Amino acid sequence: MLESPEASASYWAQRFFGDLETSARNPTIPCRSSFSPHLGTRITVIPNSLIQNQESDMSPTHKSSSVPPRWPSPWKDILPGSSPIVNQESPAGLYNYNASSSVSHANPSSSGSKKSLNVESPSFTPTQLGGKKSNFSTNATPFTPRGASTSTNSTLQQDAGTTLFKSAPFPDFAPQNYDLNTATTTNGSTDGGSLGYDPFTMSSVNQALPSAQYNPYADDHNALAGAGAPYYAAQNSYTAPTQPLQYHLYYPITTGRENMQPYQRQVYDLFLPESLREDLQKRSEATRQVLPSQPGVQLPNLQHYHSLVPLDTKLRSTASTFGLPSWVFKATSRKNGNTFCLRRIEGFRLTNEEAIKAVNSWKKITHPNIVTTIEAFTTRDFNDSSLVFVHSYHPLSKTLSEHHFATNRFGRPAPVSERVLWSYLVQLASALKAIHKAKLAARCIDINKVILTEKNRVRLGACSILDVLNFEASRRIEELQQEDFYSLGRLILSIATNTPPRNLADPRPALEQLGRTYSPELKERISWLLSTPQNVATKTAEHLVYDLAQHMDETLVASFNTQDEVTAHLGRELENGRLVRLMAKLGTINERPEFDNDPNWAETSERYTLKLFRDYVFHQVDAQGNPVVDLGHIISCLNKLDAGIDERIYLTSRDHQSTFVVSYKELKKQVQSAFSDLLKGANKPQANRY
Ligand SMILES: Nc1ncnc2c1ncn2[C@@H]1O[C@H](COP(=O)(O)OP(=O)(O)OP(=O)(O)O)[C@@H](O)[C@H]1O
């Protein structure tokens, strides 16, 4: 119930999750009535259990005679208002009630509504719990399920045609058409809104569960029984509880939500965690970064790569690793819009065409710890003869040297934990295994060429380059592979002892130092990597991986944990993605100025209901006419629309002359129908994107 116009984040979340989790179990259910846009008219979500009996009388042909009985139910909302009168002008298929009667009762300013239920009304509480007096009717008799009641429901039937909710003495409430023992409606209805079970006992819940998988996406479950019978069994026998748990397709698998009270929840619970969002946002910004255009500072386009941005943190490139100066750029491909990392080797003259073909073998290697090689080409666009290697781009990555040799505020680099060293060792050993298996050698296990792309995630960053540059000096691959082991040992030793690799010509003192800080096992492994083998056949990448099995396990567990966490976040984003598409559809329909030469297209037929639905979702106001900006309400409504559930809502026209009762299921069909009309007249390739 929107008693208060406050729209704090926790309030949104509370409303949202309150709907999700507490409504079914908590006997104190706040009324979900709210106010229509303009004039503060109440719009009420009608529980299906209350409306179900309308089906017979309030068919789409708008019979106006009898009015079904509708009674408060302790676990659903309470419907205030008076007897509905059908408006003959309503669009076909909708229940339309005369606003003059229902609206006047529903208006909080009317005295009648104060007696029944209005914004000030406290939440409904069954009298069994605490014996509190019912608030929505002065003389209302407490709710008692049929089985426990001694009175008959004849009075209910009697009143049903005339009064929807009144302050006169109530007979005991007995749910209509429900048999709590069988958990099915006695009239055989499969209305998803029917309350076919006692929500307070698990046995009833079990009875109410479908025997076969329920497909929430299906519009017509019976139709599916033919074609998709093995997958989606016919739902005839299934009477859904109040709403099936998956009723609005919300993704429930998240971390850290379990033990929180609704008021403790934040609106951020609906989105990615702030730290992850910030991290991804920064990466995205880095990827989109461009060089401010300055006269005289213009980087050339290289083939189809444009918008080059230097990634080097040093202003002058040295010739250290490759024997020639190299520069690293980020660039965007005109072919596919993707961003790549380009490394220019300055002043290299290609004398043998075969040399550049060495890149082809590297293109085939895809490994999580190797930066993928895309292509290589020569260029004169820098006014010299340069060789350019294109690799996949990892925004905001740092070399291990930049990461570990950066000094902290005490002027010292931070010590590295043994766990991190093992993790590096495991990842790079795995990369070596893939490379050596392809009969190649990495040749770039260097503290300046291994990049850190995420937390503790390393990748070999400059593979293939030395194969092209040193093509002429063809050396035996076995020899180069043995050098890889040595380079790997030296890299770990360098990080562990904070010694630059150039000072490790004799690694023994550093090894001694390492032995004093880290475990003998780590020292032994590094010694093995640095040693010259008696027999090269015994020193292989497979061997290394085998010896690292215990630490592989740790890395694997950490990786799986991260994956679980990311999958949970992905699930939440799935919701957002679905809702964006739904809002895009609604946006194309609502308030459309003209379609098919009809300037009133958006105002007529089912589009009119969709317009009122838009008001209901986005333009609610409270009793004082202040906007109710309730994200929980918006998301909940859109989810229900996307799932097309049977729950029904009141929609009131802006002039309050008519009120519609329509289910989300019908609304969903209306959206689909209106949108497919638009698609028929639309530019096909663009329309396919929905
Ligand atoms: N594939 C890549 N994606 C994104 N950034 C990268 C990639 N490869 C390297 N970088 C980044 O580019 C910058 C320069 O890399 P480079 O290999 O030139 O390091 P360096 O320390 O300058 O080495 P050198 O002294 O040999 O030039 C580093 O910050 C590095 O993290």
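Owing to the predicted nature of the structure, the values given are computational and were not obtained by experimental measurement.

Caption draft 1: Seen up close, the overall build of the protein chain. When you go through the protein chain residue by residue, the secondary structure sums to 22 helices and 16 strands. Counting all 690 residues of the protein chain, 36% fall into the buried class. Residue pairs at least 24 apart in sequence account for 67% of intrachain contacts in the protein chain once pairs closer than 6 positions are excluded.

Caption draft 2: Highlighting the sheet that holds strand β11 (residues 386–392). One open sheet holds the five strands; their spatial order is β7-β8-β9-β11-β10, and the pairing between them is antiparallel. Edge positions in the sheet fall to β7 (305–310) and β10 (373–379), since each has one partner strand and no second. The average angle at which neighbouring strand axes cross in this sheet is 30°, direction not considered. Across six bridges, the pairing between β10 and β11 is antiparallel. The residue of β11 that forms the bridge with T379 is S386.

Caption draft 3: Region of interest: the nonpolar core. Counting residues in hydrophobic clusters, the biggest one holds 62 residues, and the most contacted among them are L428, L460 and I492. Tallying contributions element by element places helix α12 (residues 418–437) first for this core, with ten residues. Those residues in contact with L460 that sit more than four places away from it in its chain are N369, I370, V371, A431, A442, C444, I445 and V450. Counting residues in each nonpolar core, the second largest holds 26 residues, with L610, L638, A643 and V661 among its members.

Caption draft 4: Representation of the UniProt feature "binding site: ATP" (unreviewed entry) in the protein chain within the structure. Residues annotated in UniProt with the feature "binding site: ATP" (unreviewed entry) correspond here to R343, N448 and K449. Spanning 107 residues, the named residues form one tight spatial group whose C-alpha atoms are at most 13.5 Å apart. With respect to the secondary-structure elements, N448 resides in the loop between α12 and β13 (450–454). Residue N448 is classed as partly exposed on the basis of its 17 C-beta neighbours within 10 Å. Once residues lying within four places of it in the same chain are set aside, the contact partners of N448 are S320, T321, T399 and S401.

Calculation criteria
Residues numbered from 1 in each chain as written. Predicted model: local features only at pLDDT ≥ 70, side-chain atom pairs only at ≥ 80, totals over all residues. Helix = DSSP H or I, 4+ residues; strand = E, 2+ residues; numbered from the N terminus. Buried ≥ 20, exposed ≤ 12 C-beta atoms within 10 Å, placed from the backbone. Contact = placed C-beta atoms within 7 Å. Pairing = 2+ DSSP bridges. Axes fitted to C-alpha atoms, helices over the stretch in contact; angles between N-to-C directions. Core = buried A, V, L, I, M, F, W, Y, C linked by C-beta atoms within 7 Å. UniProt positions renumbered as here; feature names shortened; annotations may be inferred.

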